[in-house]
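Structural characterization, general
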Amino acid sequence: MAAECLPTVQTSRRLLKLLRSEKNLISAIRLFDTAPEDAVSADVFYYILRRVSVSRDANFLPAVNRIVDLVRLRKCTCTEDTALAVLRFYSRNSMADKAVDVFQKMKEVFGCEPGVKSYNCLINALVVSNQLEKAEVFIRHLKVMGVKPNLETFNLLIKIGCEKRDLGKARELIDTMWARDLVPDIYSYGTLINGLVKNGALNEAMQVFEEMFDRDLKPDVACYNMLVDGFLKKGDCRVAGEVLAKLTKDSRVYPNVATYNILISGLCKCGRISEGLELWNKMRRSKQKMDLYTYSPLIQGLCELKDINGAERVYREMVEVNISPDAVVNNAMLNGFFQASRIEKCFELWEFMGSEGSRNVASFNIMIKGLFGIGDVDQAIHIWEVMKESGLSPDSKSFGVLVDGLCKNGYCSKCLVVLETAKEKRVVLDAYAYSAVIDGLCREAKFTEAVDILNGMTQSACKPTAPVYNALINGFIHASKLDDAIRIFHEMKAMNCSPTIITFNTILNGLCKAERLGDAFDLLKEMLVNGWKPDVITYTFIIKGLCRSHKVERALELWNEVLEKGFKPDVQMHNILIHGLCSDGKFECALSIYLGMKRFNCSPNLVTYNTLMDGFYKVGDSKSSLIIWARLLTNGMQPDIISYNISFKGLCSCNRVSDAILFLNNALSDRIVPTVVSWNILVRAVIHPGLSR
């Protein structure tokens, strides 16, 4: 055993007194470094290391290493607490490997064996650094060395169980503690509750929470907060409310700012922004302390609801109480201003973010996307260059936004250059970027280039996904290249890329437009066989195809089948069938479909009324057409020029030219400008009466 160093007691005590009187840690270390060798005792080593151990400043690492080397060189026998101070410093500064090294050399360096406190400190450092397997090695070593675990050890074991998602084991540890008369504390239960909540086991978390009351162990506010947060994130506001009610009735604990933040955030995420605002106003009235996390969810929620004025009011108050908005809040506001077309405000906020240094890559993405959205391509590209000059590296989303914006503004050729640049920088683009390029190329009828992009993806890290294939298929369908669309559809399946309902609907639309109804029904059967569920859009396309092919009876049969399946047809499906029935002269049936829209809580739109009026006028039933016109007005709708042109033509064809002129006066008084078609109808009716039929 190393001989204990024995400096003169008076000198050692004098040094300790000087060190304790020195409040500045750096100055204390300098004093220690200049002290005579015989003044540095085991107590002095312990004191200076303990002071350093509470620091989270890694700049003290050289000093700690130097002091530890001094202990070793002088062979000064120290207590476990001295070694523990070093372990704590490494642990607090995320240096788990250094902690392991010191732990393993405790006997050699400090002349003492590690006890349970040292084991606990080391294991915690390993857990915090996510080295769970290594932590378990030292737990086994603790048992082998005969060191008796204490409450902190068990709490660490519970934490490891939760981190490894071995929640059953973590739960058993609580029972083991009670069996050993080692009473678990609030931290034991809180760790388990937190682990259960994070892993979605909310019912089990509630059982553990209730057990605390049964064991006469009262939960703290953190336990309540964890449960409320978990249930709100799950969308279960009822149980969250029950836990909150229990908290308000508990006389020992009170809601804190974290409680209110959790409630506001949860309510906003559940879409209950008004309740979140009400709670915020309650906090204001009671002068509750607030922080960034109080304001942030409100601002984000209001921006998502497109209530930019409300978001701006909350934002302004946050700044007034000297809470600095972070990048997340500023980004939400920036996006909100763009959505509200308040471009001047966008630039004001952008400049503020620049002056505060709070722009991140997401900020630039929002700004670039917003500028492309208003067609300011030059400014968008300028912001892109500013991002690179700022030292920020564009991410996959950035390239996607740039590519999408260029394509939508008609600069597809530049997109191909951007793709090459991304490839050179080894940026892995996502499917969003590729689908944007393909969509843009298809709109410019550059199908060869679009197919080349798709083929290139198969050889890259980003394999084609359904949205990418859908973009190309949709392009071919719009260009009436149905066979090419079907070929890509088959290639998609061959590449083990599962089609989506959008894929099937796009192909069905193309087949129905081409009046290839047999193929359309075959594809519908394929969908059903493979477990795909057709939606309202699917049946809308087929009914439209049947009506276009003058198979109105079959369209009506399919309509009834759709209703029997429990679907609720939307206004578009209603309009398509009504138009088909009117075109086939089945006006009573068309009227019945129209009158039945209320059953599905589906309100007629202008297209519905225009279709019915046009149908009745074509068979000379001006009376029914005028009734439909009256309904249109009664329902608070404003006729458009199409409505008036239908009425002009219909009334003139019924030799009611004077009534048509009255309608013209109404249109002009409503500031609806007649078109060339309008004047052709009216002039022809006046000059050549009777020829408008």
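Computed from a prediction, not measured in an experiment: that's the story for all the values here. (Residues numbered from 1 in each chain as written. Predicted model: local features only at pLDDT ≥ 70, side-chain atom pairs only at ≥ 80, totals over all residues. Heavy atoms only, no water.)

**A word on the environment of Glu210**
Within the secondary structure, Glu210 is located in helix H13 (residues 202-214). Taking the relative accessible area as the measure of exposure, Glu210 reaches 30% and is therefore partly exposed. Placed 146 residues apart in sequence, Glu210 and Val64 show a C-alpha to C-alpha distance of 46 Å. (Helix = DSSP H or I, 4+ residues; strand = E, 2+ residues; numbered from the N terminus. Buried < 20%, exposed > 50% of the residue type's maximum accessible area, 1.4 Å probe, protein only.)

**Quick word on the packing of helix H5 (residues 80-92) against helix H8 (residues 116-128)**
Packing of H5 against H8 leaves a shortest axis separation of 10 Å and a crossing angle of 10°. Taken together, the axes of H5 and H8 are roughly parallel relative to one another. Facing H5, whose interface residues are Glu80, Asp81, Leu84, Leu87, Arg88 and Ser91, H8 presents Val116, Lys117, Ser118, Cys121, Asn124 and Ala125. Taken together, the residues of the contact of H5 with H8 sort by class into five nonpolar, three polar and four charged. (Axes fitted to C-alpha atoms, helices over the stretch in contact; angles between N-to-C directions. Parallel < 35°, antiparallel > 145°, perpendicular 65-115°, else oblique. Contact = heavy atoms within 4.5 Å. Nonpolar A, V, L, I, M, F, W, Y, C, P; charged D, E, K, R; others polar.)

**Here we look at the confidence of the model for the chain**
Mean pLDDT over the chain stands at 90; residues scoring 70 or higher make up 97%. Predicted confidence for residues 1-9 stays below pLDDT 50, and this span has twelve contacts to residues more than four positions away or in other chains. (pLDDT = per-residue confidence, 0-100.)

**With respect to the state of the cysteines**
Scanning all chains against the criterion turns up zero disulfides. The cysteine Cys442 is free of any disulfide, with Cys412 supplying the nearest cysteine sulfur at 9.1 Å. Judged by relative accessible area, which is 8%, Cys442 ranks as buried. Considering cysteine sulfurs only, Cys582 is the nearest to Cys547, which forms no disulfide, with 10 Å between them. (Disulfide = S-S within 2.5 Å.)

**Let's talk about a positive patch on the surface**
A grouping of Arg140, Lys143, Lys148, Lys169 and Arg180 is seen on the molecular surface, where their side chains present a positively charged patch. As for its placement among the helices and strands, Lys143 is situated in helix H9 (residues 132-144). (Patch = residues over 30% accessible without salt bridge, like charges linked within 9 Å, V, L, I, M, F, W, Y side chains within 5 Å. Areas by Shrake-Rupley, 256 points an atom, 1.4 Å probe, with all protein chains shown as cover. Salt bridge = Lys/Arg side-chain N within 4 Å of Asp/Glu carboxyl O. Lys, Arg positive; Asp, Glu negative; His and termini not counted. Charge placed at Lys NZ, Arg CZ, Asp CG, Glu CD.)

**Brief notes about the packing of helix H12 (residues 186-198) against helix H14 (residues 221-234)**
Where H12 contacts H14, the axes come no closer than 10 Å and their chain directions differ by 10°. Here H12 lies roughly parallel to H14, going by the angle between them. Every residue of H14 that contacts H12 at Ile186, Gly190, Ile193, Asn194 and Val197 is listed here: Cys223, Met226, Leu227 and Gly230. When grouped by side-chain class, the residues that make up the contact of H12 with H14 number six nonpolar, three polar and no charged.

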